[in-house]
Amino acid sequence: MKSYGIERSSRLILLLIYTFISAIFAFIYLTKSGAQRDGFCFENPFFYLITITTLCFIVLVHASISSRHKPIVAFGSLFLFLFLSEISFCIFYGEIISEGVLDSIIETNSHEVMSMTKQALLIIGPAFITTFLILFVLKKLIFVKFRIFVPLSLYILILSVVLLFLVTKSSLKSDIKNGHLKSSVSVIRTIFPAVLGDLSYLLASYASTDIYSNTNEIEKFNQAVILPPNKYDNDLIVFIMGESSLVSRYSAYGHHQQTTPFMTNIFSQNGGCIIPNSHSAAALTRDSIPMTLSFNVPESNDNLFDNKSIIEMARFNHYKTYWLASAAQSIQGTFNSKFGFIARKSDVITFSEDLLDINVSQLLEDTLQKDNFPKKFIFVHLRGSHQPYSKGYDEVDKLALPDVEEYDLTIHHTDRTIKALYDVINKYSNNYTIIYTSDHGEIVNVGHGIGDNVDQFLIPFMFISTNQQYNCQFIESFRGPDGYLSGLMNKYILSNLLGYEIDPAILDKEKNNDRVFMPNSSVMPFLEVLNKH
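Residues numbered from 1 in each chain as written. Predicted model: local features only at pLDDT ≥ 70, side-chain atom pairs only at ≥ 80, totals over all residues. Heavy atoms only, no water.

### Things to note about the packing of helix α16 (residues 360-370) against helix α18 (residues 406-428)
Link 1 in the chain: Between α16 and α18, whose axes approach to 9 Å, the crossing angle comes to 10°. Judged by the inter-axis angle, α16 sits roughly parallel to α18. In the crossing of α16 with α18, the sense of the turn from one axis to the other is right-handed. Packed against α16, whose contacting residues are Val 360, Ser 361, Leu 364, Glu 365, Leu 368 and Gln 369, the element α18 presents Ala 420, Leu 421, Val 424, Ile 425, Lys 427 and Tyr 428 at the interface.
Link 2 in the chain: Considered class by class, the residues forming the contact of α16 with α18 number 8 nonpolar, 2 polar and 2 charged. (Axes fitted to C-alpha atoms, helices over the stretch in contact; angles between N-to-C directions. Helix = DSSP H or I, 4+ residues; strand = E, 2+ residues; numbered from the N terminus. Parallel < 35°, antiparallel > 145°, perpendicular 65-115°, else oblique. Left-handed = near helix turned anticlockwise from the far one by under 90°. Contact = heavy atoms within 4.5 Å. Nonpolar A, V, L, I, M, F, W, Y, C, P; charged D, E, K, R; others polar.)

Structure representation (structure tokens):
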């Protein structure tokens, strides 16, 4: 009887500890996700729901690990590891795993997966060690057992109510019917953030990539585009998209290290301009490129599927289209990714065999040398300054800048790449327009797609054209009243270059609504992000 009393007391103490851990997890989730901005968490019903679902999850994991059946122990250990990985991510980055990060996991290519191994180890390494320590404690030192009927029943009951809500809600019902599962699963993720939410979202994200597999040409133009297009003035338009490029690390923009001597020279020539105060539309490639090459907007993906992309508009106005990229930026074979949906509409898609961007110039030379098509629109996607930085430069960069950070070396390598691309363009054309910008910025030595740090939005924008009609004033005309040139303007700039006029009323409305798509899938005014820092 005494032994039973001690066991009961131990179970109660352990249950209180687990409840405390669950409450802390719920508090962190609500505050870090932005779901709780004002007031106290204790006034938010989601705080109690998350606490209950997390407590049920922890008790079920405890019961699984305490089981005598090895398969059940293995499953319990796996879920414990995943839970600790979520906590490790939050400690390392200071925020919960965003939906943007989860989407990127699904849509990334093998090169990027391998390149992020070091960062992944920093997260899963501590989680792995802690999992083994907890397993040891539960197996060797703590012999408290929990009956699983109550936590399992409660967990299933709450999940059933949520699923019933999703099935009956008309807007979510429509999303499920159309294969847009992620908005529905986001609700599950809000209430079951401990493992189940992230696993459900990853599964929904993977299933939803089928919406990017349609190869049919879109017939409808965006309402901003005035038809028919004019006679085109540019024989060759080359849009170069960098990666993870923070503008403040460019000597062209005042950085004390000489990271961009070539770009400074190229874009300071007659017809060129180095545009200050530019920002990307998003902090992740998968979101930023569609808002550059299609009429996709932060609030909705509808225009991505309903309106012609810039690639299709170029083809409609008799340009041959090319998608050139380094091996590091290759698109998965199925092209089932958000910007792969746009890329596959190009006439020619080619990736270099080398990870270093400097080799992309050879792809461009092969294209211009062998293809005599009179009008060309070429999109060039660079690896740029994506992590790990050690893979983004070579010995030439180290010799040029021997005493700088690795990140600055990647910027210098981009500078050399732009020079090589520019030389090829000059060699084969005397009627061209070149734009260089980046898909997003970088929180140096941390990454991007994380939190609300403005550095992941601040990017370079450089322009040069042999056509006097398209000068610096042309680019400046797209600047918003807040003083910034938004990445959302790229599609309108390219539309003009391709011979299309844009409805002035719609353009002004967009310029006056400068916002960015955040990693957590929310939309914020850019000045609000800027003024936080």
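Here the narrative resumes, following the displayed structure.
### Observations regarding the sheet that holds strand β5 (residues 348-351)
Link 1 in the chain: The 8 strands are arranged β5-β4-β6-β2-β7-β8-β3-β9 in an open sheet whose pairing can be described as mixed. Both outer strands of the open sheet, β5 and β9 (485-486), are each paired with one neighbouring strand and no more.
Link 2 in the chain: By the bridge criterion, 6 bridges tie strand β3 (residues 272-279) to strand β8 (residues 458-465) in an arrangement that is antiparallel. From the neighbouring strand, Cys 273 faces β8, where its bridge partner is Phe 463.
Link 3 in the chain: Set on the sheet, α18 makes contact with β2 (236-242), β6 (376-381), β7 (432-438) and β8; between it and β7 the angle comes to about 165°. (Pairing = 2+ DSSP bridges.)

### Side note on helix α10 (residues 196-208)
Link 1 in the chain: Helix length check: α10 (13 residues) gives 18 Å between terminal C-alpha atoms against 18 Å at 1.5 Å per residue, within 8%.
Link 2 in the chain: Along α10, the residues classified as buried are Gly 197, Asp 198, Ser 200, Tyr 201, Ala 204, Ser 205 and Ser 208. The buried residues of α10 occupy an angular sector of 160° when projected down its axis, which confines them to one face. Exposed and facing more than 90 degrees away from the buried side of α10 are Leu 203 and Tyr 206. (Expected span 1.5 Å × (residues − 1). Buried < 20%, exposed > 50% of the residue type's maximum accessible area, 1.4 Å probe, protein only. Arc of directions from axis to C-beta.)

### As for the packing of helix α2 (residues 45-65) against helix α7 (residues 149-168)
What describes two packed helices is the angle between their axes and the distance between those same axes.
Link 1 in the chain: Look at α2 against α7: their axes get within 9 Å of each other, and the N-to-C directions meet at 135°. Relative to α7, the element α2 is oriented oblique. The element α2 and its partner α7 pack so that their crossing is left-handed. Within the contact between the two elements, α2 uses Leu 49, Ile 52, Thr 53, Cys 56, Phe 57, Val 59 and Leu 60 and α7 uses Pro 151, Leu 152, Leu 154, Tyr 155 and Ile 158.

### Let's talk about a nonpolar patch on the surface
Link 1 in the chain: Taken together, the side chains of Phe 42, Tyr 48, Ile 52, Leu 154, Leu 157 and Val 161 define a hydrophobic patch exposed on the protein surface, amounting to about 580 Å² of accessible area.
Link 2 in the chain: Contributions of two or more residues to the nonpolar patch are made by α2 and α7.
Link 3 in the chain: Structurally, Val 161 can be placed in helix α7.
Link 4 in the chain: With a relative accessible area of 52%, Val 161 lands in the exposed category. (Patch = residues over 30% accessible without salt bridge, like charges linked within 9 Å, V, L, I, M, F, W, Y side chains within 5 Å. Areas by Shrake-Rupley, 256 points an atom, 1.4 Å probe, with all protein chains shown as cover. Salt bridge = Lys/Arg side-chain N within 4 Å of Asp/Glu carboxyl O.)

### Section: the packing of aromatic side chains
Link 1 in the chain: Applying the stated criterion across every chain, the model contains 24 aromatic pairs.
Link 2 in the chain: On the basis of an interplanar angle of 80° and a centroid distance of 5.0 Å, the ring pair of Phe 221 and Phe 316 is categorised as edge-to-face. Here Phe 221 is found in the loop between α10 and β1 (225-226), whereas its partner Phe 316 is found in helix α14 (residues 310-316), with 95 residues between them in sequence.
Link 3 in the chain: When its relative accessible area of 12% is taken as the criterion, Phe 221 is described as buried.
Link 4 in the chain: Judged by relative accessible area, Phe 316 falls into the partly exposed class, the value being 40%.
Link 5 in the chain: Ring geometry for Phe 295 against Tyr 492: centres 5.9 Å apart, planes inclined by 70°, an arrangement best described as edge-to-face. Remark: Tyr 492 occurs in helix α20 (residues 490-497) and Phe 295 occurs in the loop between α12 (285-293) and α13 (302-306); sequence separation between them is 197 residues.
Link 6 in the chain: Here a set of aromatic residues connected by ring pairs shows up, and it is made of Phe 25, Phe 57, Phe 79 and Phe 83.
Link 7 in the chain: The ring of Phe 517 has Lys 338 lying over it, and the distance from NZ or CZ to the ring centre is 5.9 Å.
Link 8 in the chain: Across from the ring centre of Phe 262, 5.6 Å away, lies the NZ or CZ of Lys 419, which sits over that ring. (Phe/Tyr/Trp six-rings, centres within 6.5 Å; stacked < 30°, edge-to-face > 60°. Lys NZ or Arg CZ within 6 Å of the ring centre and 35° of its normal.)

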